[in-house]
Structures are given as structure tokens and as C-alpha cells.
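Reading the structure
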Amino acid sequence: MSKTAKVTVDGRSVDVPDNSNALEACRAAGVEVPHFCYHPGLSIVGQCRMCMVEIEGMPKIAASCTVPIRDGMVIKTDTEKAHAARNSTMEFLLINHPLDCPICDQAGECKLQDNAVTGGLPVSRTSEARRQYPGYERTDIGKHVIADMTRCIQCTRCIRFCEEITETGELSFIERGGHTIVWTHEGRALDNELSGCAADVCPVGALTTKEFRFRKRAWWLDKTRSVCTGCEVGCNIAVEHKDRVVHRFIPRVNADVNDFWICDFGRFRSEELNEQELFRPVVRGKETSWGDAQDAIKAAVDAAQKDVLVLGSAKLSTETNWLAAQLFGKHLGANVEFVVDRGDRHRVKNKKADGNVAGWLEGYEAAPNSRGAEAAGVTRGGDTGALAAVLTGTLLPKVIIVLDAAFSAKAEDPAVIAALRKAGTLIVCSRRRSALAAAADVLLPVGGVHNDEGTFVNVQGRVQRFDCAYIPPPIVRTQLEILTHLGKKWGLFDTRWTARSVFEEMRATVPGYAGLDWDSPALVGSAPSASPAAPHDVLEAPAKGGLGLPALQEVGS
Ligand code: FES
């Protein structure tokens, strides 16, 4: 069990783990000490000298991030000496920093800007031209990252990230003295599987990602808690969006899953969420209403008399899969199955049990929720599953319902589409135009994961909640809504049910869900941070809950 020490910060007493440093003790006491090079996921180097404080018993002011705390330590951040030291550091940095906040994409989430505004000197005592770095401005240094050395404050966060987290070591100081810059080793690119995080840790605008540069000012962005759907690791992310457009994913802190990081594969999938191409239900080539589409589905399923295959999806929430299993499997006696692709390895580093040594958490499945789908009662398909039998021609259901047209790479295979098309009625839920969508007898337009809420179960078996960033466009529905409306047709479900009410019902029967609380921090994770450069500066966003709707009714059998 970790021990604690009692520390006093500006007269406030606080208990902190005894392996903390003085800067962390100040944060625990609610006192923000300006800093640049300190990052909770990286080693301590005391590089920037911004976090200066006075400590009783120490003859000189000290860089608080470098001072291990001891029981009884008294820290003073609000003294003349501490302010003078921090002001000197700021002035020294600003002598050569361009005054380009209006055109810098880090503005609004820049620690230099924040510290200048909150604690810097009100006037500049220099008028000389700022230092220039010809050849090192706005330069492409890797697949995703642009570097601009005129803005670098040489805090070494990015260098340490590439040494300590990815262990690829692409970045280093080159040149000496006033010419020092951070750059890639000659002939190399900043090219590792987490390279976007190097831009995240940059406290200024020296490293920015190509995909997000100049897309949107950071202060306009709404932030929604979510979980990456790229693989089974389930990295905690914030979906940052505005006016129904997703602009980027950034990591949310979760020491047990992704710590402070996400991989590039997951991060740069954000644009996919803007690809909504279908907006109205279509029955046999004619656009129609939801009511007519649902009637067509009910008529086809009733006529098929259990000869129905429903494909759930490891890309959909456990709640959605559970509704499918209850309605089609338990009540209507259909085959309800999902298949999941084994993809490339994606991984992220997190803390090991001792809290210090970083380890890789790896995922191979190209979907976030195979464990949740299985727990919900959907059968994991394989070489001997129902879909496999359809593909070999040994099974020909009268009705096939595909709950997610992107359930697998197989969905783009003409041979698979031809096999599915042999069903008397093919029903497909899709966001995008595709060959499978075009082959459907009944095509239902659905939103993306950001238009819904629910839970996933990751590779560790951890249940994690994701929130709705914004509701789907008019007429478009989520799969959960489609299933509650369809369930009502058979007198089973209530169209007012939400993911939360389904979750609460599921807890009684779904393995791993017993006793879980929709609003518990374990499920919800941390709030989105105010800035990717300051992952521990979290926004105090209220937890989103359900709509207070009535409890779920008994599901018939
Ligand atoms: Fe302490 Fe940089 S944050 S020296």
C-alpha cells in the first residue's frame, strides 16, 4: 500500500502519496504552479525552470517538479522570490518566441500563452527581432506532424516521449547554444505508431498534427467522452466536435488502459465519423417512412418463421447487441451471430501494476466490443457459424438482417454480398453507400458511434461507457432506436428506452455487468482535458445521464 505524506502548500495542508514531487503536491492542494517540461507520463528533467517555488529549509528557490516531497514539507508558491524567478523564465522564453498566437494553431491550448496571460509581465522589455530558424519552420517531419522551431521552448517533452514511451528515439537536440533546435535524426522521419502524441505533449505550437492544423480553434470545440473503436484495446478518447462535425480525437487519461496516449491508427479515424451518406429508409428501391420500413421488416420476419439470420456487430454497443439477442434470438428464435476480423496489431502503453513501469496493451481484433456482444448473448461466429454456412451455400435463411453494414471487411467482398443477397429479404443498416447497401431489400439509415451512447468491453474485460456527441441527423436513427421500435412491433420493447435503461436491465443477466453503475467513474473514465498538452487539466464536465425514463419492462420469451 502506498504511503502518504502531509505537506503544506501556501498554508493549505494536504496528504499526498509519498512518491510525489512538490509540483504534484501543489496540484493536489489546488494550487496551480506554472510549468512546461513536467508531464505526468514522462520522466522529470527540470528543464524549463518555470515551476519555481520556495520550500522551507531550502536555501534557494527550487524547481518544484524536481523536489521529492517529505512529510512536513512547507511549500510557498506565492512569494516575491518565486514570482520573480517565474517571471524571469517567462521573459527569457518570450524574448525569442514569435508573437504569432493569432496564426498559431496551438492558441487556446498553449501553456506558454496561458502562463503569459495569467502570470507574465504586462509589457515586453525587448524590441529586437525574434530569432529565426530558416529551413526549420512549418516543416513536415513525419507522416502526421509539422514542426515549427520558431515556437519551440526546448522543454524536451517530445524527445522524452519518443525515448520513453515509443522507444523509437526519432527526436533529439541538434546544434548548440542559441541555435539549439529539436529535430529528427538525419534522414529519419518522426514515424512511430503513437506519433500524434508527440504533438499532444508539445506545450506550445512547435509540433502540430497535419490532420487538425487550422481546422478549428480549440476553444470552439465541444468535447464528448468516448472510447476508440479502432481495435479491442478501447483507448479512452474525447471526440472533439462542433456544429455536428467531428474535428479530432484526443486521449483521455486512464492509467489502466491507455494512460495519456492513443495510437495514430485510432486517432486519425475521426474523419470517418463525418461520412453520413444515407438519410432515409429505402424499401425495394423506393424511399419510404420508418413506419413502412418497420412494417416490411415485421412482415418478412413473421413470414420467415424463425428462418432468420441476424448479424450483430462487435462494433456496436453491448446494449444494442443485447436488444438484438433478446428480440430476434430469445423471442423470435432466429440465429443471432457476429463475426469479428483479426486485424493488425494496435497497441498503446499504460502503467503496470507498480504505477511506474510502462507496458504495452495490445489489441488484434478490428472492433472494440466482441466481448460485449458475446456477453449480451450474440453468438461468436467462426468457420462453423451461420454466416460461414451462408457463404458456403449450406444455409439459406429466408431473411438476413445486417445490423451494421461495416461489421467486417467481408461486407465489401462481392462474393459475400452475393451470398447474402440470396436471402429472400436482405435488411441492412448502413451510414454509407456501399455495394452491400445497394443490394439490400430494406435499407435503414443509421448514425455512427458518436450519435449513440452505450458500453464496450475491452481486451482486458473492462466495461467502458461512451457518450453521445450529438444526435443523428433528422430521420436517421441509431441501431438501438431501430431495435426498440422494432421490438415494439412485437409488443416487447418500449420506444422510450435509452442505452442507460437497457444497461440497467442487462445487469441482471449479462456476465460482467452485475453491480455496475452507469455513472460510476470506473465506467465513465476521466473528463476530457482542457488541452492535450495538459492531460491532467480536466474540464469539469457534468456526467451525462439518461433522460429519467421509466424502467425497462419485462422482456417476453
Ligand atoms: Fe519544473 Fe520544467 S516544469 S522545471
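Residues numbered from 1 in each chain as written. Predicted model: local features only at pLDDT ≥ 70, side-chain atom pairs only at ≥ 80, totals over all residues. Heavy atoms only, no water.

So, about the overall build of the protein chain. In terms of helices and strands, the protein chain carries 15 helices and 27 strands. Relative to the compact-globule value of 24 Å for 557 residues, the protein chain shows a C-alpha radius of gyration of 27 Å, a close match. When the backbone C-alpha atoms are referred to their principal axes, the protein chain occupies close to 85 × 50 × 40 Å. Burial status across the protein chain gives 56% buried among its 557 residues. Summarising the internal contacts of the protein chain: among those between residues at least 6 apart in sequence, 66% fall at separations of at least 24. For the protein chain, the accessible area works out to roughly 23900 Å², and carbon and sulfur atoms hold 52% of it. For the protein chain, the distance from the average site of its 65 positive side-chain charges to the average site of its 70 negative ones is 1 Å. (Helix = DSSP H or I, 4+ residues; strand = E, 2+ residues; numbered from the N terminus. Rg over C-alpha atoms; globule rule 2.2 N^0.38 Å. Buried < 20%, exposed > 50% of the residue type's maximum accessible area, 1.4 Å probe, protein only. Contact = heavy atoms within 4.5 Å. Areas by Shrake-Rupley, 256 points an atom, 1.4 Å probe, with all protein chains shown as cover. Lys, Arg positive; Asp, Glu negative; His and termini not counted. Charge placed at Lys NZ, Arg CZ, Asp CG, Glu CD.)

So, on to unusual backbone geometry. The residue Glu 167 is not glycine, and still its phi comes out positive at about 55°. Take Glu 167: it is sitting in the loop between α4 (157-165) and β8 (171-174). Looking at Glu 167, the relative accessible area reads 54%, which means it is exposed. Even without glycine at this site, Ile 475 takes up a positive phi of about 80°. Mapping Ile 475 onto the fold places it in the loop between β25 (463-466) and α13 (479-489). Assessed through its relative accessible area of 36%, Ile 475 is described here as partly exposed.

Among the 11 residues of α13, eight are classified as buried, and the element is accordingly described as predominantly covered. Taken residue by residue, α13 has Gln 479, Leu 480, Ile 482, Leu 483, Thr 484, His 485, Leu 486 and Gly 487 as its buried positions. Each element contacted by the buried residues of α13 is listed here: α7 (290-304), α8 (318-331), β22 (425-430), β23 (442-445) and α14 (499-506). Backbone geometry just downstream of α13 places Gly 491 in the positive-phi region, at approximately 75°.

Moving on to the packing of aromatic side chains. For the coordinates displayed, the defined rule picks out eight aromatic pairs. Arranged with centres 4.7 Å apart and planes meeting at 85°, the rings of Tyr 136 and Trp 183 form a pair that is edge-to-face. Remark: Trp 183 occurs in strand β9 (residues 181-184) and Tyr 136 occurs in the loop between α3 (111-119) and β6 (139-140); sequence separation between them is 47 residues. For Trp 183, a relative accessible area of 11% corresponds to the buried category. Pairing Phe 328 with Trp 490 gives two aromatic rings, centres 6.5 Å apart and planes at 75°, and the pair type is edge-to-face. (Phe/Tyr/Trp six-rings, centres within 6.5 Å; stacked < 30°, edge-to-face > 60°.)

Read from one edge to the other, the open sheet built from eight strands follows the order β15-β14-β23-β22-β21-β16-β17-β20, with strand pairing classed as mixed. With partners counted over all chains shown, the strands left at the sheet margins are β15 (286-287) and β20 (379-380), one partner each. Where strand β21 (residues 399-402) meets β22, four bridges bridge the pair, whose relative direction is parallel. Across the sheet, residue Val 402 finds its bridge partner in β22, namely Val 428. Here α8 sits on the sheet and contacts β16 (308-311), β17 (335-338) and β21; the angle it forms with β17, its principal contact strand, is near 145°. (Pairing = 2+ DSSP bridges. Axes fitted to C-alpha atoms, helices over the stretch in contact; angles between N-to-C directions.)

A few words on the nonpolar core. Ranked by internal contacts, the top residues of the largest apolar core, which has 54 residues, are Phe 36, Met 149, Phe 161, Leu 171, Leu 207 and Trp 261. Every element with two or more residues in this core is listed here: α2 (80-95), β7 (145-147), α4, β9, α5 (196-201), β12 (236-242) and β13 (245-251). Counting residues per element, this core draws most heavily on α4, at five residues. Among residues more than four places away in sequence, those in contact with Leu 171 are Ile 141, Cys 158, Ile 159, Cys 162, Val 182, Trp 183, Thr 184, His 185, Leu 190 and Leu 207. Membership of the second largest hydrophobic core comes to 52 residues, among which are Leu 316, Phe 338, Val 442 and Leu 444. (Core = buried A, V, L, I, M, F, W, Y, C linked by side-chain atoms within 4.5 Å.)

Right, let's talk about the pattern of salt bridges for a bit. Enumeration according to the criterion identifies 33 salt bridges in this entry. Linking Lys 349 and Glu 167 is a salt bridge whose minimum nitrogen-to-oxygen distance equals 2.4 Å. With Lys 349 in strand β18 (residues 342-351) and Glu 167 in the loop between α4 and β8, this pair connects stretches of sequence that are 182 residues apart. Arg 215 is the salt-bridge partner of Glu 271, the closest N and O atoms lying 2.6 Å from each other. Placement of the pair is Glu 271 in the loop between α6 (264-267) and β14 (282-283) and Arg 215 in the loop between β10 (207-209) and β11 (222-227), with a sequence separation of 56 residues. Residues joined by salt bridges that share partners form a network here, namely Arg 225, Arg 465, Asp 467, Arg 500, Glu 504 and Asp 519. (Salt bridge = Lys/Arg side-chain N within 4 Å of Asp/Glu carboxyl O.)

Once that is clear, we can look at the environment of Asp 78. If you trace the backbone, Asp 78 turns up in the loop between β5 (74-76) and α2. The exposure class of Asp 78 is exposed, given its relative accessible area of 58%. Asp 78 sits 342 residues away from Leu 420 along the chain, and the two C-alpha atoms are 70 Å apart. In this view, Asp 78 contacts Asp 10 and His 83; residues no more than four positions away in its chain are not counted. Polar contacts involving the side chain of Asp 78 include one to the side chain of His 83, which spans 2.7 Å. (Polar contact = N/O pair within 3.5 Å; in protein donor to acceptor, adjacent residues only side chain to side chain.)

With antiparallel pairing, three strands are arranged side by side in an open sheet as β11-β12-β13. Looking along the sheet, the strands with just one partner apiece sit at the ends: β11 and β13. Ignoring which end each strand starts from, the neighbouring axes of this sheet average 30° apart.

Position of Phe 338 among the secondary structure elements: in strand β17. Residue class for Phe 338 comes out buried when judged on its relative accessible area of 0%. Sequence separation between Phe 338 and Asn 321 is 17 residues; the distance between their C-alpha atoms is 9.2 Å. Those residues in contact with Phe 338, other than ones at most four positions away along the chain, are Gly 312, Ser 313, Ala 314, Ser 370, Ala 373, Glu 374, Val 378, Thr 379, Arg 380 and Gly 381.

Moving on to the packing of α7 against α13. Close contact between α7 and α13 brings their axes to 10 Å; oriented N to C, the two are set at 60°. For the element pair α7 / α13, the angle class is oblique. Considering only the axes of α7 and α13, their crossing is right-handed. For the pair α7 and α13, the contacting residues are Trp 290, Gln 294, Asp 295, Ile 297 and Lys 298 in the first and Ile 482, His 485, Leu 486 and Lys 489 in the second. Across the contact of α7 with α13, the residue classes tally to four nonpolar, two polar and three charged. (Parallel < 35°, antiparallel > 145°, perpendicular 65-115°, else oblique. Left-handed = near helix turned anticlockwise from the far one by under 90°. Nonpolar A, V, L, I, M, F, W, Y, C, P; charged D, E, K, R; others polar.)

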